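Take a look at the letters that make up each chain.
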Amino acid sequence: MSAGTYVPRPGAAPLPRMIAAQTALETRMLLRNGEQLLLTVIIPTLLLVLFSAVDIVDTGSGESVDFLTPGILALAVMSTAFTGQAIATGFERRYGVLKRLAASPLPRWGLMTAKTLAVLVTEVLQVVLLTVIAFALGWSPHGNPFAVLLLLVLGTAAFSGLGLLMAGTLKAEATLAAANLVFLLLLVGGGVIVPLEKFPDAVQSVLGLLPIAALSDGLRDVLQHGAAMPWGDLGILAVWTVLGLGAAARFFRWE
């Protein structure tokens, strides 16, 4: 029998190709999920349009859209990297999908890399959509684009770690309830729509340490006030990134 009988040769594909294929699959699954789209696209868009057009919350001097857009961008990151990923991964774990994928040639870290890349692809689409809408509403951003990119990447890493930690330790139903509850609480108390200055001083100091507050305030400092690099907010996000990803790697259960 000649060496060319079996074409193509059996065996695993190269690792980059496996990760790319899994990333494409994860992205398609996310974009086809109606509930995920509601959470990641429709809700942030409606909040941006509603609170920019109607004077419901006192956002201080200047145009409301200049205050709201950075916070809504932070909310979009949280909705995808934390809430959406936690819920989807939690149910994949419950139904045995993760267990089966872990037995495939794709290593476990490769699967998590693919999930993270799918989150990043979705966030790019979110940012483009929200930016276009914000410009249509009269948004006038300032500041350093590199600082914005760094904040978004660190925010994604921080929320991703926390989402995977929740999905890998709680039951799927508990993850669903907890992730949505956290989303609502941080929407109100994370400086997304309501300025942290509206809260009592003692509460402000605690809320300011949350990742959503650090991300929204950092983006606001750059895009609204033209700050060069919000090191304090970047530091908070870096700490949450290390804690979240470290805890997820340590305690994540695949079944």
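Residues numbered from 1 in each chain as written. Predicted model: local features only at pLDDT ≥ 70, side-chain atom pairs only at ≥ 80, totals over all residues. Heavy atoms only, no water.

1. Notes on the overall build of the protein chain
So, point 1. A tally of regular secondary structure across the protein chain gives ten helices and zero strands.
So, point 2. The secondary structure elements of the protein chain, listed N-terminal to C-terminal, are α-α-α-α-α-α-α-α-α-α.
So, point 3. Relative to the compact-globule value of 18 Å for 255 residues, the protein chain shows a C-alpha radius of gyration of 20 Å, a close match.
So, point 4. Principal-axis analysis of the C-alpha atoms places the extent of the protein chain at approximately 80 × 35 × 35 Å.
So, point 5. Across the 255 residues of the protein chain, 46% fall into the buried class.
So, point 6. Total accessible area on the protein chain stands at roughly 12,700 Å², and carbon and sulfur atoms take up 70% of it.
So, point 7. One way to put it: in the protein chain the 15 positive side-chain charges average out to a point 22 Å from where the 15 negative ones average out. (Helix = DSSP H or I, 4+ residues; strand = E, 2+ residues; numbered from the N terminus. Rg over C-alpha atoms; globule rule 2.2 N^0.38 Å. Buried < 20%, exposed > 50% of the residue type's maximum accessible area, 1.4 Å probe, protein only. Areas by Shrake-Rupley, 256 points an atom, 1.4 Å probe, with all protein chains shown as cover. Lys, Arg positive; Asp, Glu negative; His and termini not counted. Charge placed at Lys NZ, Arg CZ, Asp CG, Glu CD.)

2. So, the environment of Gly232
So, point 1. Relative to the helices and strands, Gly232 is located in helix α10 (residues 231-251).
So, point 2. Along the sequence, Gly232 and Leu170 sit 62 residues apart, while their C-alpha atoms lie 32 Å from each other.

3. Some details on the packing of helix α1 (residues 15-32) against helix α5 (residues 108-136)
So, point 1. The interhelical angle for the contact between α1 and α5, taken along N-to-C directions, is 50°, at an axis separation of 8 Å. One way to sum up the angle between α1 and α5 is to call them oblique. Helix-helix and strand crossings are classified by hand; for α1 and α5 the assignment is right-handed. Here α1 contributes Leu15, Ile19, Gln22, Thr23, Glu26, Thr27, Leu30 and Leu31 to the contact with α5, which in turn contributes Trp109, Gly110, Leu111, Thr113, Ala114, Lys115, Leu117, Ala118, Val121, Thr122 and Leu125.
So, point 2. Among the residues making up the contact of α1 with α5, the classes are represented as eleven nonpolar, six polar and two charged. (Axes fitted to C-alpha atoms, helices over the stretch in contact; angles between N-to-C directions. Parallel < 35°, antiparallel > 145°, perpendicular 65-115°, else oblique. Left-handed = near helix turned anticlockwise from the far one by under 90°. Contact = heavy atoms within 4.5 Å. Nonpolar A, V, L, I, M, F, W, Y, C, P; charged D, E, K, R; others polar.)

4. Focus on a nonpolar patch on the surface
So, point 1. The grouping of Leu31, Val121 and Leu125 at the surface amounts to a nonpolar patch, some 230 Å² of accessible area in total.
So, point 2. Within the secondary structure, Leu31 sits in helix α1. (Patch = residues over 30% accessible without salt bridge, like charges linked within 9 Å, V, L, I, M, F, W, Y side chains within 5 Å. Salt bridge = Lys/Arg side-chain N within 4 Å of Asp/Glu carboxyl O.)

5. Thoughts on the environment of Arg28
So, point 1. Relative to the elements of secondary structure, Arg28 occurs in helix α1.
So, point 2. On a C-alpha basis, the gap between Arg28 and Ala118 in space is 8.7 Å, while along the polypeptide they are 90 residues apart.

6. Focus on helix α2 (residues 34-53)
So, point 1. In this model, α2 (20 residues) spans 26 Å end to end at C-alpha, consistent with the 28 Å of a helix rising 1.5 Å per residue.
So, point 2. Turning to α2, its buried residues number three or more, namely Gln36, Leu39, Thr40, Pro44, Thr45, Leu47, Leu48 and Phe51.
So, point 3. Of the surrounding secondary structure, the elements contacted by the buried residues of α2 are α1, α3 (64-94), α5 and α7 (172-189). (Expected span 1.5 Å × (residues − 1).)

7. Thoughts on the pattern of salt bridges
So, point 1. Going through the model one piece at a time under the given rule, you end up with four salt bridges.
So, point 2. Across the pair Arg94 and Glu173 runs a salt bridge, and its minimum N-O distance is 2.4 Å. Taken as a pair, Arg94 in helix α3 and Glu173 in helix α7 lie far apart in primary sequence, 79 residues in all.
So, point 3. With a relative accessible area of 41%, Glu173 lands in the partly exposed category.
So, point 4. Taken together, the salt bridges that share partners define one network made up of Glu26, Glu92 and Lys115.

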